[in-house]
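What the coordinates show
The lines below spell out each chain.
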Amino acid sequence: MFWVLLLLLAWAAAGASCTRLCLAAVRAAAVDTDAGQGHDLTLYEAAFLSGGPGRVADLTMVSMARQRRLLLAHTGWATVVDPRGRDEMERSVIGAIGPDGQSRIAPVRAAAAAADAVRGLADRLVSAGLAVPDRARTTVAAGVRQVRLAAVFVLAVGAVALSMPTTADHGAGMPRSLVALWFALPLALTLSCLAIARVEVHPYSRWASPAGQRLLGGLARRAGRTGGPGDDRSYLTSVAVLGIRAVGEPDLRAAFAEAQRER
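A quick note: this is a predicted structure, and the numbers were derived from the prediction, not measured.

1. A closer look at the packing of helix α3 (residues 88-97) against helix α4 (residues 105-113)
Angle between the axes and distance between the axes: these two values describe a pair of packed helices. Remark: α3 packs on α4, axes separated minimally by 8 Å, with the N-to-C direction vectors making an angle of 135°. In terms of axis orientation, α3 runs oblique to α4. In the crossing of α3 with α4, the sense of the turn from one axis to the other is right-handed. In this structure, α3 uses Val 93, Ala 96 and Ile 97 to contact α4, whose residues at the interface are Val 108, Ala 111 and Ala 112. Of the residues contributing to the contact of α3 with α4, the split by class is six nonpolar, no polar and no charged.

2. Remarks on a positive patch on the surface
Positive charge collects at one region of the surface, where Arg 20, Arg 27, Arg 135, Arg 145, Arg 148 and Arg 198 lie side by side. With three residues, the top contributor of residues to the positive patch is helix α6 (residues 134-163). You can see Arg 135 is positioned in helix α6.

3. Section: the confidence of the model for the chain
Mean pLDDT over the chain works out to 85, with 86% of the residues at or above the 70 mark. Within the chain, helix α8 (residues 210-226) has the poorest average pLDDT of any element, 75, and α3 the best, 96.

4. Here we look at the nonpolar core
Counting residues in hydrophobic clusters, the biggest one holds 50 residues, and the most contacted among them are Phe 48, Leu 49, Val 62, Leu 70 and Leu 72. A total of 13 residues in this core trace back to one element, the largest contributor, which is helix α2 (residues 43-66). Those residues within four positions of Phe 48 in sequence are excluded, and the remaining contacts are Pro 53, Val 56, Val 118, Leu 121, Ala 122, Leu 125, Ala 131 and Trp 207. Trp 3, Val 154, Val 157 and Phe 183 belong to the second-largest nonpolar core, a separate cluster that totals 12 residues.

5. Some points on the pairing of strand β2 (residues 77-80)
Along β2, the buried face is formed by Ala 78 and Val 80; none of Trp 77 and Thr 79, which line the opposite face, is buried. Judged from the three bridges that link them, strand β1 (residues 70-72) and β2 form a sheet pairing that is antiparallel. Looking across to β2, one finds that Leu 71 is bridged to Thr 79. Between the antiparallel neighbours β1 and β2 lie four residues, among them Gly 76 with a positive phi of about 95°. Relative to strand β3 (residues 102-104), β2 runs antiparallel, the two being bridged by three bridges. Directly across from Trp 77, in β3, lies its bridge partner Arg 104.

Analysis parameters
Residues numbered from 1 in each chain as written. Predicted model: local features only at pLDDT ≥ 70, side-chain atom pairs only at ≥ 80, totals over all residues. Heavy atoms only, no water. Axes fitted to C-alpha atoms, helices over the stretch in contact; angles between N-to-C directions. Helix = DSSP H or I, 4+ residues; strand = E, 2+ residues; numbered from the N terminus. Parallel < 35°, antiparallel > 145°, perpendicular 65-115°, else oblique. Left-handed = near helix turned anticlockwise from the far one by under 90°. Contact = heavy atoms within 4.5 Å. Nonpolar A, V, L, I, M, F, W, Y, C, P; charged D, E, K, R; others polar. Patch = residues over 30% accessible without salt bridge, like charges linked within 9 Å, V, L, I, M, F, W, Y side chains within 5 Å. Areas by Shrake-Rupley, 256 points an atom, 1.4 Å probe, with all protein chains shown as cover. Salt bridge = Lys/Arg side-chain N within 4 Å of Asp/Glu carboxyl O. Lys, Arg positive; Asp, Glu negative; His and termini not counted. Charge placed at Lys NZ, Arg CZ, Asp CG, Glu CD. pLDDT = per-residue confidence, 0-100. Core = buried A, V, L, I, M, F, W, Y, C linked by side-chain atoms within 4.5 Å. Buried < 20%, exposed > 50% of the residue type's maximum accessible area, 1.4 Å probe, protein only. Pairing = 2+ DSSP bridges.

This is the structure in structure tokens:
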């Protein structure tokens, strides 16, 4: 009956990991669903909620490039044209480029994304209930990893149990098919927990809370209704929400593509 001990271990691993993931998901979702009522997202806020600090840096550089205050070459270099930043984000980009006024785009993006201006923006969004705190994101991700490991563990101990000789082989005791069925129960628990987490947790666990996602959806719909081909606000909204793939200019796309290869 050694398989019973293995079954208990399988249930312990499955139960503990699924409980941890459920608690983490509840804490991550424990945000006021009415948060953000009446709040109009700025482009920087939309960029952060959609893609995090890196998206904010990308949006800032694209905006400055469209205004001819920053030159982004297809070779992956950024050159300052106007050294006077109009807000904290632009000043962070200019400061990241350095006193020479020229630098590779990849390190500029990394430095601007880690700047105090972006951290302050993140703190304000978390306080407003629109962004997911760092701890909640990492806790949910760790919970998902633990459930995956538990599923592998259940499979492993189940295989060990089925490979061992049992009294049923001599005409008595528990048939192997029933042993397999018992181990299928904790495995089903872990797999169903992962499936639910993928549907319910994944859309909200990276940057935006449910309230932040709702505001992002409204912003995208308004931009789609009011924006035209020459509407700069609509264009930058698309970059904030969708990222660099929304950039239409070939030179800009080539510049960021070169920067991505350097990361």
